[in-house]
Amino acid sequence: MAPLKGRGLALVRSLEIQAVWTYERMQGIGLGYALEPILGQVLDGDAGRFRAAMGRGTTFFNANPYLSPAAVGALARAEADGVPPDQVLRLRTALGGPLGAIGDRLFWAGLVPTVVSGALLGVALGGGIWPVLLAVVTYNTVRVGLGVWLMELGWANGMRVGAAIGASWLPHAGTVASLAAAVLAAVALPPAVVQLLGGAARPQLALVVGLALLILGARRLLGTRATAPALTLLVSALVLLWQWGTS
Amino acid sequence: MLDPALLLLVLWGVLAGIDLVSFPQGLLGRPIVAASVAGFLAGDLEVGLQLGLLLELYALDVLPIGSARYPDYGPAAVVAAGSAVLTGADALGPAALLGLITAQVAGQAMEWMRRFNGRRVRAAEAALAAGDVGVLHRLQRWGLAGDMLRSAVVVLAGLAIAPALLRLMAPAGTALTLVLVAGGAAAAAHGLLQRAGVGANRRWAAASLGTGLVIAWLL
């Protein structure tokens, strides 16, 4: 197998895969932009194939952005191997589902809330800015390292990348990360609230807990549009009206 | 002449804004990060950390998946922390409320930008299908620039109206702080319930909440 050339630039470009996110193509434009440096290397000297591959490269694509380097590697390999265009497009469509499901679970439901909750706990316990900086460095180290590995995995497996990801440690990591997120968020929430209330008296603390339960109950009762921020804005407006009315 | 602290806040707000979806999605737009740095840049890290802590509780309830619409807490956290420090606000509540409102506006602006991007991409469909790399580069550059502009406008507008709004809300400062903390706790708890799902994860979360309550009691 030929070494993967242009992967550094492709990886940097994959960080901006959603810069031209649209409802029609979703991340399609960004994926094409990330593919270009590799296709430029592997199809060097064949302008016709390069342009045709780039034409396919910007069509609809939707997956978790953090796992998109796997698609970049696999699609570039398929184009380099001269896989028929309809199969390349099928691979593109087929990859969206698993990369979305595994990535969303690993990042949005797992790593992001885990790292952020860790930072919240650290700040609540008086750690200052350091837990925040540690969270940013840890997260980005994991994210970039994973991106390099995924791009290589995609390039090495080409059309079989879906099976390779399924057989890897990634699906299990999502399960572990989402459990870690639930645990850390639960540990961090009470200290964060107490820290925010500072030296508040017990009646105020009870008021906050009662109001939080009321908002939570209203949210579950009224459905998805009645989000916590929306309900908070409503209660805040009532507080302000009452304050202005009585002053 | 533009105040250097204000300029730094706007630049940081732009970075925090584009981090949400455009580049690099590296946690810079999370409220705990965006507000802390904004507090530091404006001259009071502690206020930034507090506002970051509070707004992050709301952000923990956001799942930014696919075409979901959600508030943008990055520039909002910069506006909240920056304006709280620069105006010397006493209570967290009014600044956090300003942040919450700004986040809704920034999220809506993201929606407009996506529709605008859609129009530009539709106009370039033929060139994209022909594999025109120059058009692709232009679309990508303008997409990123558009998000930078969106974030800059949100931060500038937020910081511009902040002094008047914070003054108006100041008498209700303590009450608003209680409401905002309660709302944040509700949001974070909702996010937690979503993530914990059912079964073993929920039992682990319940046990962890107990641990958190003990830690809070010891604080």
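My aim in this report is to walk through the structure given alongside it, one point at a time. Bear in mind the structure is a predicted one, so any value in this text is a computation, not a measurement. (Residues numbered from 1 in each chain as written. Chains lettered and ligands numbered in written order. Predicted model: local features only at pLDDT ≥ 70, side-chain atom pairs only at ≥ 80, totals over all residues. Heavy atoms only, no water.)

**Regarding the environment of Leu55 of chain B**
Residue and element names in this part refer to chain B.
So, point 1. Take Leu55: it is sitting in helix H3 (residues 45-59).
So, point 2. Note on Leu55: relative accessible area 0%, which makes it buried.
So, point 3. Taking C-alpha positions, Leu55 is 7.6 Å from Gly99, a pair spaced 44 residues apart along the chain.
So, point 4. Leaving out residues up to four positions away in the same chain, Leu55 has contacts with Pro31, Ala77, Ala80, Ala96 and Leu100. (Helix = DSSP H or I, 4+ residues; strand = E, 2+ residues; numbered from the N terminus. Buried < 20%, exposed > 50% of the residue type's maximum accessible area, 1.4 Å probe, protein only. Contact = heavy atoms within 4.5 Å.)

**Quick notes on the interface of chain A and chain B**
So, point 1. Opposite the 83 residues of chain A that make contact, chain B presents 88 residues.
So, point 2. Considering only the side of chain A, the residues that lose the most area to chain B are Tyr23, Trp108 and Leu196 of chain A, jointly responsible for 9% of the buried surface there.
So, point 3. Run the count over chain A and chain B and you get two salt bridges.
So, point 4. In this structure, Asp61 of chain B and Arg219 of chain A form a salt bridge, with 2.4 Å as the shortest nitrogen-oxygen distance.
So, point 5. Put simply, chain A and chain B have 13 residue pairs in polar contact (both at pLDDT 80 or more) between them.
So, point 6. Contributing elements (two or more residues each) for the side of chain A that touches chain B: helix H1 (7-14), helix H2 (28-42), helix H3 (47-57), helix H5 (85-124), helix H6 (130-157), helix H8 (170-197), helix H9 (202-222) and helix H10 (228-246) of chain A.
So, point 7. Here the side of chain A that touches chain B gets 17 residues from one element, more than from any other, and that element is H8 of chain A.
So, point 8. In terms of residue class, the side of chain A that touches chain B is built from 57 nonpolar, 16 polar and 10 charged. (Buried area = accessible area lost by both parts, 1.4 Å probe. Salt bridge = Lys/Arg side-chain N within 4 Å of Asp/Glu carboxyl O. Polar contact = N/O pair within 3.5 Å; in protein donor to acceptor, adjacent residues only side chain to side chain. Nonpolar A, V, L, I, M, F, W, Y, C, P; charged D, E, K, R; others polar.)

**A word on the packing of H5 of chain A against H8 of chain A**
Two quantities define a packed helix pair, namely the angle between the axes and the distance from one axis to the other.
All names here are of chain A.
So, point 1. One way to put it is that H5 packs onto H8 with a least axis distance of 7 Å and a crossing angle of 30°. Looking at the two axes, H5 sits roughly parallel to H8. Note that H5 runs across H8; the crossing there is left-handed.
So, point 2. Grouping the constituent residues of the contact of H5 with H8 by class yields 20 nonpolar, eight polar and one charged. (Axes fitted to C-alpha atoms, helices over the stretch in contact; angles between N-to-C directions. Parallel < 35°, antiparallel > 145°, perpendicular 65-115°, else oblique. Left-handed = near helix turned anticlockwise from the far one by under 90°.)

**Considering the nonpolar core**
So, point 1. Leu67 and Leu99 of chain A are the most contacted members of the largest nonpolar core, which totals 145 residues.
So, point 2. It is H5 of chain A that contributes the most residues to this core, 16 residues altogether.
So, point 3. The contact partners of Leu99 of chain A, leaving out residues within four places of it in the chain, are Phe61, Ala63, Asn64, Leu67, Ala70, Ala71 and Ile165 of chain A.
So, point 4. Counting residues in hydrophobic clusters, the runner-up holds six residues, among them Ala182 and Ala186 of chain A together with Ala196 and Ala205 of chain B. (Core = buried A, V, L, I, M, F, W, Y, C linked by side-chain atoms within 4.5 Å.)

**Concerning the packing of aromatic side chains**
Residue and element names in this part refer to chain A.
So, point 1. For the structure on display, the rule yields six aromatic pairs over all chains.
So, point 2. Residues Tyr66 and Tyr139 carry aromatic rings whose centres are separated by 5.9 Å and whose planes lie at 90° to one another, so their mutual orientation is edge-to-face. Residue Tyr66 is found in the loop between H3 and helix H4 (68-80), and its partner Tyr139 is found in helix H6; the two are separated by 73 residues along the sequence. The same class applies to Tyr66 as to Tyr139, namely buried.
So, point 3. Grouping aromatic residues by their ring pairs yields a cluster made of Tyr66, Phe107, Trp108 and Tyr139.
So, point 4. One residue, Arg13, lies across the ring of Tyr33, its end atom 4.1 Å from the ring centre. (Phe/Tyr/Trp six-rings, centres within 6.5 Å; stacked < 30°, edge-to-face > 60°. Lys NZ or Arg CZ within 6 Å of the ring centre and 35° of its normal.)

**Thoughts on the side chain of Ser68 of chain A**
All names here are of chain A.
So, point 1. Examined against the element boundaries, Ser68 turns out to sit in helix H4.
So, point 2. Judged by its relative accessible area of 0%, Ser68 is buried.
So, point 3. Excluding residues within four positions of it along the chain, Ser68 makes contact with Ser14, Ile17 and Leu31.

**Some details on the environment of Ala164 of chain B**
All names here are of chain B.
So, point 1. Here Ala164 lies in helix H7 (residues 133-169).
So, point 2. In this structure Ala164 comes out as partly exposed when scored by relative accessible area, which is 43%.
So, point 3. Distance in space between the C-alpha atoms of Ala164 and Asp147 is 27 Å, their sequence separation being 17 residues.

**Focus on the packing of H3 of chain B against helix H5 (residues 92-123) of chain B**
Residue and element names in this part refer to chain B.
So, point 1. At a closest axis distance of 10 Å, the pairing of H3 and H5 adopts a crossing angle of 45°. One element, H3, and the other, H5, form an angle in the oblique class. Along this stretch, H3 crosses H5, giving a crossing that reads as right-handed. Together, Gln50, Leu51, Leu54, Leu55 and Tyr58 of H3 and Leu92, Ala95, Ala96 and Leu100 of H5 make up the contact between the two elements.
So, point 2. Looking at the contact of H3 with H5, its residues break down into eight nonpolar, one polar and no charged.

Any link to function would need more than the numbers given here.
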